[in-house]
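Working through the structure, step by step
Each chain is listed here by its residues.
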Amino acid sequence: MTSDKIVIAHRGASGYLPEHTLPAYAMAYALGADFLEPDLVATRDGVLICCHDIHLDRTTDVAARYPDRARADGRWYAADFTLAEVRTLAAQERFDAAGDRVFESRFSAAAQGFAVPTLAELLGLISALNRQSGRCVGVYPETKEPAFHDAHNLSLEPPLLALLADYGYVGREAPVFVQSFSATHLRLMREQLGSELPMIQLIGDSPDEADHITPAGLDAIAAYADGIGPDKQLIADSAGQLVVEAHRRGLCVHPYTFRADQLGAGYTDLGTELSAYYYGYGVDGLFTDFCDIAVELVYPQQPRRLHR
């Protein structure tokens, strides 16, 4: 399969299976995604695991298994648990069908049999599937709250780059994008750790990040990153001009997050919304929970749609 557009499986095939689980990643691979995206946090013993954020309580049964291990804020932090302890947890659907009607079609939060994988396990899965299939599916890791990890002596960047190198992700042409909301930590990897891997500056739809989408902000990003990953609303609000300005600076554009059960304003189905961003606004790729629908658009000769 070849295309000038890419499909990024947001936390795996997370529209169909609990996010950040090996089954969800394997399903996204089978559905034809070009990149599999893990969010990364560190355990107390410094192992990188695939998890939505620095807390474990929204995506696992940690509260039931370790009721006395919450911090004063009532949250359970991955940084307080060893990998061995994380291995005892059951991964769960984050969008509980019983509690949120918007996502009522998601996998049951009570389902059993899912675990929290390490980044090494995900990279091993991708490597094995690429070898068996002849494809070259890449990985698109996000460092979650790197300043928090620094403060706990669990910096994410050195072990991430070392592990990627162990699996052959080295140099400008490696099938990987390293993403973060932290410009400081992207610069660290580029300028101090000497990484040549493609990097993406994530940009949220908040006043604190508004400077990133100004001409001066995009100029600054182009000095250390290869692209931007903006909230999709930023592109819509600019009528696509953000894409034009980013491309003018040699930056690729990969907006987030596209969901069949949480459509953007004015869209009646996900296929129409994806088409508007891929071919109307001209984005280079996008993050979606339903990668089969994106694959159907980008690779129409090999449709793999499940969602109806």
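Our subject is the structure that appears above.
Residues numbered from 1 in each chain as written. Predicted model: local features only at pLDDT ≥ 70, side-chain atom pairs only at ≥ 80, totals over all residues. Heavy atoms only, no water.

Attention shifts here to the pairing of strand β1 (residues 6-10). Of all five residues making up β1, five are buried, and the element is well covered by its neighbours. On β1, burial covers both faces: I6, I8 and H10 on one face and V7 and A9 on the other are all buried. Note: β1 against strand β2 (residues 35-37), three bridges, orientation parallel. Along β2, the bridge assignment pairs A9 with L36. At this point the chain moves from β1, through helix α1 (residues 22-31), to the parallel β2, and the crossover so formed is right-handed. (Buried < 20%, exposed > 50% of the residue type's maximum accessible area, 1.4 Å probe, protein only. Helix = DSSP H or I, 4+ residues; strand = E, 2+ residues; numbered from the N terminus. Pairing = 2+ DSSP bridges. Right-handed = clockwise from strand over helix to strand, strands pointing away.)

This brings us to the nonpolar core. In this structure, L36, I49, L164 and I228 are the most contacted members of the largest nonpolar core, which totals 84 residues. In this structure, I6, F35, F177 and F287 belong to the second largest nonpolar core, which totals nine residues. (Core = buried A, V, L, I, M, F, W, Y, C linked by side-chain atoms within 4.5 Å.)

Quick look at the packing of α1 against helix α4 (residues 119-133) now. Look at α1 against α4: their axes get within 11 Å of each other, and the N-to-C directions meet at 30°. On the basis of their axis angle, the class for α1 and α4 is roughly parallel. Taken as a pair, α1 and α4 cross one another with a handedness that is right-handed. For the pair formed by α1 and α4, the contact residues are L22, Y25, A26 and Y29 on the first element and E121, L122, L125, I126, L129, N130 and S133 on the second. Here the contact of α1 with α4 is built from residues that sort into eight nonpolar, two polar and one charged. (Axes fitted to C-alpha atoms, helices over the stretch in contact; angles between N-to-C directions. Parallel < 35°, antiparallel > 145°, perpendicular 65-115°, else oblique. Left-handed = near helix turned anticlockwise from the far one by under 90°. Contact = heavy atoms within 4.5 Å. Nonpolar A, V, L, I, M, F, W, Y, C, P; charged D, E, K, R; others polar.)

Here strand β11 (residues 285-288) shows no split at all, with G285 and F287 on one side and L286 and T288 on the other all buried. Relative to β11, β1 runs parallel, the two being bridged by four bridges. The residue of β11 that forms the bridge with I6 is G285.

Strand order in the open sheet formed by four strands is β5-β2-β1-β11, with parallel pairing between adjacent strands. The open sheet is flanked by β5 (138-139) and β11, the only strands paired with a single partner. Sitting on the sheet, helix α11 (residues 270-281) is in contact with β1 and β11, with an inclination near 150° to β11.

Here Y256 and T257 are connected by a cis peptide whose omega angle stands at -20°. We note that N153 has phi near 55°; this positive angle belongs to a residue other than glycine. Mapping N153 onto the fold places it in the loop between α5 (146-151) and α6 (157-166). Look at N153 and you get exposed, because its relative accessible area is 73%.

One pass over the full model with this rule turns up 12 aromatic pairs. Ring centres of Y140 and F287 lie 4.9 Å apart, and the angle between their planes is 70°; this geometry places the pair in the edge-to-face category. Here the residue Y140 occupies a position in the loop between β5 and β6 (142-143), and F287 occupies one in strand β11, the gap between them amounting to 147 residues. Side by side, Y140 and F287 carry an identical accessibility label, which is buried. Pairwise contacts between aromatic rings join F35, Y140, F177 and F287 into one cluster. Taking NZ or CZ as reference, R69 lies 4.2 Å from the ring centre of F81, over its face. (Phe/Tyr/Trp six-rings, centres within 6.5 Å; stacked < 30°, edge-to-face > 60°. Lys NZ or Arg CZ within 6 Å of the ring centre and 35° of its normal.)

Time to look at the state of the cysteines. A complete count under the given rule lists zero disulfides for this structure. With no disulfide of its own, C136 has C252 as its nearest cysteine by sulfur position, at a separation of 16 Å. (Disulfide = S-S within 2.5 Å.)

With that settled, consider the environment of A220. Turning to its location among the elements, A220 is positioned in helix α8 (residues 215-222). For the pair A220 and T184, spaced 36 residues apart in sequence, the C-alpha to C-alpha distance is 12 Å.

Before going further, it helps to examine the pattern of salt bridges. The full count for this structure, using the stated rule, is 20 salt bridges. Close ionic contact of R69 with E85 constitutes a salt bridge, the shortest N to O distance being 3.1 Å. Residue R69 is found in the loop between α2 (62-65) and α3 (83-86), and its partner E85 is found in helix α3; the two are separated by 16 residues along the sequence. Judged by its relative accessible area of 25%, R69 falls in the partly exposed class. Taking relative accessible area as the criterion, E85 reaches 17% and is therefore assigned buried. Look at the salt bridges and you will find they share partners, linking R11, E19, D39, R94, E142 and K144 into a network. (Salt bridge = Lys/Arg side-chain N within 4 Å of Asp/Glu carboxyl O.)

Locating T288 in the fold gives a position in strand β11. In terms of polar contacts, T288 uses its side chain to reach the backbone carbonyl oxygen of F258, at 2.8 Å. For T288, the residues in contact, after removing those within four places along its chain, are V7, I8, A9, H10, G12, F258, L270 and A294. (Polar contact = N/O pair within 3.5 Å; in protein donor to acceptor, adjacent residues only side chain to side chain.)

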